Protein chains: 2
Amino acid sequence: MSALAGAALEVWVNGQAGMTVSALDRGLHFGDGVFESIACVGGRARFLRLHLERLGEGCARLSIPTPPAETLEAVVRQLAQRDERAMLKLIVTRGVAASRGYAPSCDQPATWIALRYHFPQEEHCAEEGVAVRTLALRLGENPALAGMKHCNRLEQVLARAELARYAQPPFEGLLFSRSGHLVSGTMTNVFLVRDGRLLTPSVDRCGVAGIMRRVVLEEADRLGMAISEGRFEAAELSAASEMFLTNARLGVLAVSGIDGRKVAVGPLTRRLQAALAPRLTMTADACV
Amino acid sequence: MSALAGAALEVWVNGQAGMTVSALDRGLHFGDGVFESIACVGGRARFLRLHLERLGEGCARLSIPTPPAETLEAVVRQLAQRDERAMLKLIVTRGVAASRGYAPSCDQPATWIALRYHFPQEEHCAEEGVAVRTLALRLGENPALAGMKHCNRLEQVLARAELARYAQPPFEGLLFSRSGHLVSGTMTNVFLVRDGRLLTPSVDRCGVAGIMRRVVLEEADRLGMAISEGRFEAAELSAASEMFLTNARLGVLAVSGIDGRKVAVGPLTRRLQAALAPRLTMTADACV
């Protein structure tokens, strides 16, 4: 595993330890697959049921045969136990191409890859919040792919590259759609608060339906918060009294600066962080 | 090579015969790469200089370090010589990921893969022309990726799957952009003729700037034809007196049916086919 050079600690391919895939894999040729990034805490995979559910939905939308959930689950649980904290990545592709072209064939088994990574040390201070900045890159819109965590991620690659060009890169870049609506960060979903109401962009034209986004929406509903899922323009960003980011690893991360404007870490953010803490630290029972 | 099961006859990875890539390759994780499909005729790679030029441009736009052109050229020439006819595919990815996220690192060498395939037996009759049909899928638009032959090809995969659902699938499906303009076929560029003028969609919002599209545009200009590159709506398709498809393998392929409407194979199509024939059969000198 030394050749992996620190990027991954362990790799399984189709249920066996291994570090290579076929050069004919459709994941490599076309990004023809889906993936999940799963945070593991206390030796257990956080929100595993939700991740496997979304993976199955993505495969179904792309007509990729999903590997048996129990097989994936067993491997994830095994990898999660290796350490106190880890990040796992599950990739499912349409498998080895039976021919040269784009057309999928019906009878190829999927390729599935499980990778274990270090849980990174945070460079930001979660208490103080992080800075975000609107990027110039706009996301293309395609309802046929929207919401899915698929492997066509060149837009996110370009967005991260744009972010890195800042002398002092902010923690996250904000992405708008080509039609001018706020979508997400490069690796996070975003929530705004305005007049006590929680706002988050729809992901039916582009963007990813994040697992933590779903968990937050369910928790906010349980707490009786007013919620609007919809289309928000840049003006909404300027008017927001609070903002936070979500993803599987970060949970709920407060934003303290939007495009140079200081924002206080506000009460709805704190309330959601407190309510979700037991599930994020895996000290609650219902951590599926 | 038996495990390749007919999909590819020969595979080179980073300059050596081999059939696997790292499971950490960014091509596999994100479709983070570009590719070329090169037709080989008479043991030589057709329009090789143009293909290598576009590959280099795509790498430059994505900030992927391009493998030396002379190295790629030498491998392509070697593979082209193996048989009278072949299709080659060159893939260049951003290489093995140095970390888990989308952010590209600066110092990773690219991965490049060369694959040799059979030149397929055509199932259509080039003389009679082929049928095309407008697909329901719309292409998302992103100028940052438009024109490039990158490895984010899920839209094309879905388009081919839509085409295959027809009881008698037409030869090619036509794709419109989300904003309602004709873009291309699933694997071809498209040309229309109206009032003696050659029309082809711009590829600055989506679509691929095909090599054969470029060759045809240059040839049409040389022949003194009137040319419009622009945005065309569905009405333009209904009004066209001629239509043809282009790609590296097919050259100039006449269309005889558009969404059920019969179209004659017309004079501009025939004239371009005749003018390009020496370069496509590699009997002319200037076959670079």
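The structure presented is a predicted model; accordingly, all values stated were derived computationally and were not measured.

(A) Structural view of unusual backbone geometry. The phi dihedral of Ser63(A) falls on the positive side, at around 55 degrees, and the residue is not glycine. With respect to the element layout, Ser63(A) can be found in the loop between α2 (48–62) and α3 (69–80). At Asp259(B), a residue that is not glycine, the phi angle is positive and equals roughly 50 degrees. In this structure, Asp259(B) sits in the loop between β15 (251–258) and β16 (261–262).

(B) Looking closely at the packing of aromatic side chains. All chains considered together, the criterion is met by four aromatic pairs over all chains. Ring centres of Phe191(A) and Phe244(A) lie 4.9 Å apart, and the angle between their planes is 10 degrees; on these two criteria the pair is classed as stacked. Taken as a pair, Phe191(A) in strand β11 (residues 189–194) and Phe244(A) in strand β14 (residues 242–247) lie far apart in primary sequence, 53 residues in all. Its relative accessible area of 0% is what places Phe191(A) among the buried residues. Phe244(A) gets classed as buried once you look at its relative accessible area, which sits at 0%. Positioned above the aromatic ring of Phe119(A) is the side chain of Arg85(A), whose terminal nitrogen or guanidinium carbon lies 4.7 Å from the ring centre. The cationic tip of Lys89(B) hangs over the ring face of Phe35(B); the distance from NZ or CZ to the ring centre is 4.6 Å.

(C) Seen up close, the side chain of Arg26(A). Residue position: Arg26(A) is located in helix α1 (residues 26–30). Owing to a relative accessible area of 3%, Arg26(A) belongs among the buried residues under this scheme. Engagement of the side chain of Arg26(A) in a polar contact is seen with the backbone oxygen of Tyr102(A), the distance being 2.6 Å. When sequence neighbours within four positions are dropped, the list of residues in contact with Arg26(A) reads Gly31(A), Asp32(A), Arg94(A), Gly95(A), Ala97(A), Gly101(A), Tyr102(A), Ala103(A), Pro104(A) and Val157(B).

(D) Molecular detail of the pairing of strand β9 (residues 172–177) of chain B. Residues and elements named next belong to chain B. Most of β9 is tucked away: six of the six residues are buried. Neither face of β9 is left uncovered, since the one carrying Glu172, Leu174 and Phe176 and the one carrying Gly173, Leu175 and Ser177 both have all their residues buried. Where strand β8 (residues 130–139) lies against β9, five bridges are found, and the strand directions are parallel. Note on β9: the bridge partner recorded for threonine 134 is leucine 174. In this structure, β9 lies alongside strand β10 (residues 182–185), joined through three bridges in antiparallel fashion.

(E) Region of interest: the layout of surface pockets. Residues and elements named next belong to chain B. Quantified by volume, the second largest pocket comes out at close to 430 Å³. Contributing to the lining of the second largest pocket are 17 residues, with Ala126, Leu250, Gly251, Val252 and Leu280 lying nearest its centre. Secondary-structure elements contributing two or more residues to the lining of the second largest pocket are β15 and α7 (267–280). Considering each element in turn, the lining of the second largest pocket owes the most residues, four residues, to α7. Partitioning the lining of the second largest pocket into residue classes produces seven nonpolar, four polar and six charged.

(F) A look at the sheet that holds strand β1 (residues 10–13) of chain B. Residue and element names in this part refer to chain B. Within the open sheet, the six strands sit side by side as β2-β1-β7-β6-β4-β5. Their pairing is antiparallel. Each edge of the sheet is formed by a strand with only one pairing partner; in this case those strands are β2 (16–17) and β5 (44–45). For strand β4 (residues 33–41) and strand β6 (residues 85–93), the ladder comprises nine bridges, and the chain directions are antiparallel. For glutamate 36, the partnering residue across the bridge sits in β6 and is leucine 90. On top of the sheet, helix α2 (residues 48–62) reaches β4, β5 and β6; it is set at about 175 degrees to β4, its chief contact. Each of β1, β4, β5, β6 and β7 (111–117) is contacted by helix α3 (residues 69–80), which is oriented at about 15 degrees to β7, the strand it contacts most.

(G) Inspection of the packing of helix α5 (residues 211–222) of chain B against α7(B) at higher detail. Residues and elements named next belong to chain B. At a closest axis distance of 10 Å, the pairing of α5 and α7 adopts a crossing angle of 120 degrees. Judged by the angle between their axes, α5 and α7 are oblique. Two packed elements cross with a definite hand, and for α5 against α7 that hand is right-handed. Seen from α5, the contacting residues are Met212, Val215, Val216, Glu219 and Ala220; seen from α7, they are Leu272, Ala275, Leu276, Arg279 and Leu280.

(H) Local environment of the interface of chain B and chain A. Each side of the interface is counted separately: chain B has 65 residues, and chain A has 65 residues. Overall, the association of chain B and chain A removes approximately 5000 Å² of surface from exposure, summing both partners, and the carbon and sulfur fraction of that is 67%. Sorting the residues of chain B by area buried against chain A places Arg100(B), Tyr102(B) and Leu154(B) first, and these three jointly supply 18% of that buried surface. Where chain B meets chain A, there are zero salt bridges. Summed over the shared surface of chain B and chain A, the number is 17 residue pairs in polar contact (both at pLDDT 80 or more). Looking at the side of chain B that touches chain A, the element that brings in the most residues is helix α4 (residues 154–164) of chain B, giving seven residues. Counted by class, the side of chain B that touches chain A contains 34 nonpolar, 15 polar and 16 charged residues. Where strand β3 (residues 20–22) of chain A and strand β3 (residues 20–22) of chain B come together, three bridges link them in antiparallel fashion. By the bridge assignment for β3(B), Val21(A) is matched with Val21(B).

What counts and how
Residues numbered from 1 in each chain as written. Chains lettered and ligands numbered in written order. Predicted model: local features only at pLDDT ≥ 70, side-chain atom pairs only at ≥ 80, totals over all residues. Heavy atoms only, no water. Helix = DSSP H or I, 4+ residues; strand = E, 2+ residues; numbered from the N terminus. Phe/Tyr/Trp six-rings, centres within 6.5 Å; stacked < 30°, edge-to-face > 60°. Buried < 20%, exposed > 50% of the residue type's maximum accessible area, 1.4 Å probe, protein only. Lys NZ or Arg CZ within 6 Å of the ring centre and 35° of its normal. Polar contact = N/O pair within 3.5 Å; in protein donor to acceptor, adjacent residues only side chain to side chain. Contact = heavy atoms within 4.5 Å. Pairing = 2+ DSSP bridges. 1 Å grid on protein atoms, 1.4 Å probe; cavity = no way out; pocket = protein on both sides within 12 Å on 5 of 7 lines; lining within 4 Å. Points joined across faces, edges and corners; volume = space filled by probe spheres on them. Nonpolar A, V, L, I, M, F, W, Y, C, P; charged D, E, K, R; others polar. Axes fitted to C-alpha atoms, helices over the stretch in contact; angles between N-to-C directions. Parallel < 35°, antiparallel > 145°, perpendicular 65-115°, else oblique. Left-handed = near helix turned anticlockwise from the far one by under 90°. Buried area = accessible area lost by both parts, 1.4 Å probe. Salt bridge = Lys/Arg side-chain N within 4 Å of Asp/Glu carboxyl O.

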